[in-house]
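The chain contents come next:
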Protein chains: 2
Amino acid sequence: MAVYTEVTDDALRAFLAAYDIGEVVAFRGIAEGVENSNYMLRTTTGDFILTLYEKRVNPDDLPWFLGLMQHLSTQGVNCPLPVVARDGSALRLLADRHAAVTTFLPGVWPRRVQQAHCAPLGQALAQLHAAGASYAPERINALGPAGWRPLLERSLSRADDVTPGLGAELTATLDHLLAAWPRDLPRGQIHADLFPDNVFFLDGQISGLIDFYFAATDILAYDLAICLNAWCFEIDGAFNVTKGRALIAAYQAVRPLTEAEIEALPVLAQGSALRFLLTRLYDWLHVPEGALVTPKDPVEYLRKLRFHSHAKGISAYVG
Amino acid sequence: MAVYTEVTDDALRAFLAAYDIGEVVAFRGIAEGVENSNYMLRTTTGDFILTLYEKRVNPDDLPWFLGLMQHLSTQGVNCPLPVVARDGSALRLLADRHAAVTTFLPGVWPRRVQQAHCAPLGQALAQLHAAGASYAPERINALGPAGWRPLLERSLSRADDVTPGLGAELTATLDHLLAAWPRDLPRGQIHADLFPDNVFFLDGQISGLIDFYFAATDILAYDLAICLNAWCFEIDGAFNVTKGRALIAAYQAVRPLTEAEIEALPVLAQGSALRFLLTRLYDWLHVPEGALVTPKDPVEYLRKLRFHSHAKGISAYVG
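Everything quoted here is computed from the prediction, not taken from an experiment.

Reading guide: rules and limits
Residues numbered from 1 in each chain as written. Chains lettered and ligands numbered in written order. Predicted model: local features only at pLDDT ≥ 70, side-chain atom pairs only at ≥ 80, totals over all residues. Heavy atoms only, no water. Pairing = 2+ DSSP bridges. Helix = DSSP H or I, 4+ residues; strand = E, 2+ residues; numbered from the N terminus. Axes fitted to C-alpha atoms, helices over the stretch in contact; angles between N-to-C directions. Phe/Tyr/Trp six-rings, centres within 6.5 Å; stacked < 30°, edge-to-face > 60°. Buried < 20%, exposed > 50% of the residue type's maximum accessible area, 1.4 Å probe, protein only. Least-squares fit on C-alpha atoms with pLDDT ≥ 70 in both. Contact = heavy atoms within 4.5 Å. Buried area = accessible area lost by both parts, 1.4 Å probe. Salt bridge = Lys/Arg side-chain N within 4 Å of Asp/Glu carboxyl O. Polar contact = N/O pair within 3.5 Å; in protein donor to acceptor, adjacent residues only side chain to side chain. Nonpolar A, V, L, I, M, F, W, Y, C, P; charged D, E, K, R; others polar.

Caption draft 1: Highlighting the sheet that holds strand β4 (residues 92–94) of chain B. All names here are of chain B. The five strands are arranged β1-β2-β3-β5-β4 in an open sheet whose pairing can be described as antiparallel. The strands lining the two open edges of the sheet, one partner per strand, are β1 (24–29) and β4. The sheet shows a mean angle of 35 degrees between the axes of neighbouring strands, direction not considered. Relative to strand β5 (residues 97–103), strand β3 (residues 46–53) runs antiparallel, the two being bridged by six bridges.

Caption draft 2: Summary view of the packing of aromatic side chains. Residues and elements named next belong to chain A. Under the counting rule described, the total for this entry stands at 34 aromatic pairs over all chains. With 5.1 Å between their ring centres and 70 degrees between their planes, Tyr53 and Tyr213 make a pair best called edge-to-face. Of the two residues, Tyr53 is situated in strand β3 (residues 46–53) and Tyr213 in the loop between β8 (205–209) and β9 (216–219); the sequence distance between them amounts to 160 residues. For the residue pair Tyr53 and Tyr213, the accessibility class agrees, reading buried in each case. Centre to centre, the rings of Phe233 and Phe307 are 5.5 Å apart; their planes meet at 85 degrees, and the pair counts as edge-to-face. Of this pair, Phe233 sits in the loop between α6 (220–231) and α7 (241–254) while Phe307 sits in helix α9 (residues 299–309); the two residues are 74 residues apart in sequence, bridging distant segments of the chain.

Caption draft 3: Quick look at the relation of the copies chain A and chain B. Under the fitted operation, chain A is carried onto chain B by 0.0 Å of movement along the axis and a turn of 180 degrees, and the coordinates agree to an RMSD of 0.0 Å. Taken together, the turn and the small shift mark the pair as related by a two-fold rotation axis. Of the interface residues in chain A, 100% have counterparts in chain B that sit at the interface too, so the contact is made through matching surfaces.

Caption draft 4: The interface of chain A and chain B, seen in detail. Of the residues lining the interface, 41 residues belong to chain A; the matching set on chain B comes to 41 residues. Around 3,200 Å² of area is buried between chain A and chain B when both sides are counted, 54% of it from carbon and sulfur atoms. Notably, a salt bridge pairs B:Arg42 with A:Asp47, separated by 2.4 Å at the nearest N-O pair. Our count for the contact surface shared by chain A and chain B stands at 10 residue pairs in polar contact (both at pLDDT 80 or more). Counting residues per element, the ones that place at least two in the side of chain A that touches chain B are α1 (9–16), β1 (24–29), β2 (37–43), β3 and β7 (199–202) of chain A. By residue number, the principal contributor to the side of chain A that touches chain B is β1(A), which donates six residues. Its residues assigned to classes, the side of chain A that touches chain B comprises 25 nonpolar, seven polar and nine charged.

Next up, the structure:
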């Protein structure tokens, strides 16, 4: 929920003059995304999203993100297509921020996940992975296993404020995961943050995947594990195997998992739960003065982490 | 900046089934307005705004607000037109909130006010006042003079935390204003909150006036005084008489001010500055836990109040 940077009329007009997309007709801040400022931009030629990249995004990564979206879009993935200015650049400056215009995608993200959402999601995720195979540039996943220990260390001294014993539990889990982390699984471009608010549906089909600003080159099945965490738990904390089965089966219909991937799923799901637990824990303990965003409760992901720690194999996810 | 209430897909679909405006195509939270939750809603028939009324709005007032917008729109004012459901109602329930669908207005609100904005604004304000004359129902202005003393009393004990001596200064100003407040000026329907973020421009013309949820039946020239405060001061605190002259002249070209209104302008401008100072002071001193909105600095309006206290007549505003 954010609009951090205001754009003056003059600055917007000057910015758009570099593009061939017509004149401004409407311009409204969108209350979505916590990392960047997003505007719905209507011009005389159509609808777009204008994104201003705020300080949490490393500017050096932006060409990789925009290149990935352009590549995936060309391959038929319903994701935002960066609009190129007349000089050929998709990344420009506006209001002292890096900024990009992308196409507007229709659809509504599901506020309450239904079983019917999970098969289209699994299919779209596998299609994203397939389409990403021909995008050669790589980006290290800063929030992958190598990033977890430094992240934990920044919260460790106060972790027990959230739940007694949390610091010791996370340290032990991290030690275990780093030792058990699979090394030879298929890798590629992953979204790495495919939560419901990043997936638009229209008439029961996926009309858009958005927010590629955590995307990276990493284990493909790890992306599936992130979706298991983000889509298949009920509000009461129970894992819904019907949703898990729908998600995994639809994924496999496009890209069958290897034996090694199937075997690694519980570890990957633990790692994914730990990753979101660690960033939420950090945000929870470090709410900035005057924050515009309420941090998400880290305990939700502690429960998920514990579920995966007890999972004996893929049957925990598909029944 | 807000989206306080989430709407599930099922609830949205059920809600829209009561209307003849087609099926949902897109639905995005808008980061504007601090009082209510607003969504940009695209259907198969067009674009709309869906508003869910949050607790700061009195539900008993909603029919009056919606009736006013409908009336003004019919009279040619570019304001949101409430969309009526098949059963004839414009006000319905969604996600445990009162809710309404209105038409989407194009345009961009000016992040930086230019002189060129002020004449269209003055004209639009006078046209709004003229169009409102045939809307018979009245609404007491809860934030008019009778509301100022109770509002001050809720902040008085801590007012000096903001600026030493503020409590005494505001008490003296209030006493003076209530004694000097004009009694026989022309009254009618006023917007009462026509700040730049409530006025959309397109090609130099006003394309939309929005957010009528402070509108009330009150002194018409008080609305003009609110605009003098909201549009004609520079960032350094100086009043810009070129902007003031453009605003007042364009207003008068549609609805000439009476001698008594012209004479009362400094007092009305003081009252308007005090009204926004008092609500900002209250919000500043009462930031709720986990607030999503940074309160606006009340001192800006203290400076404006002092300027008007020294104004000798309309020449202070038109040079």
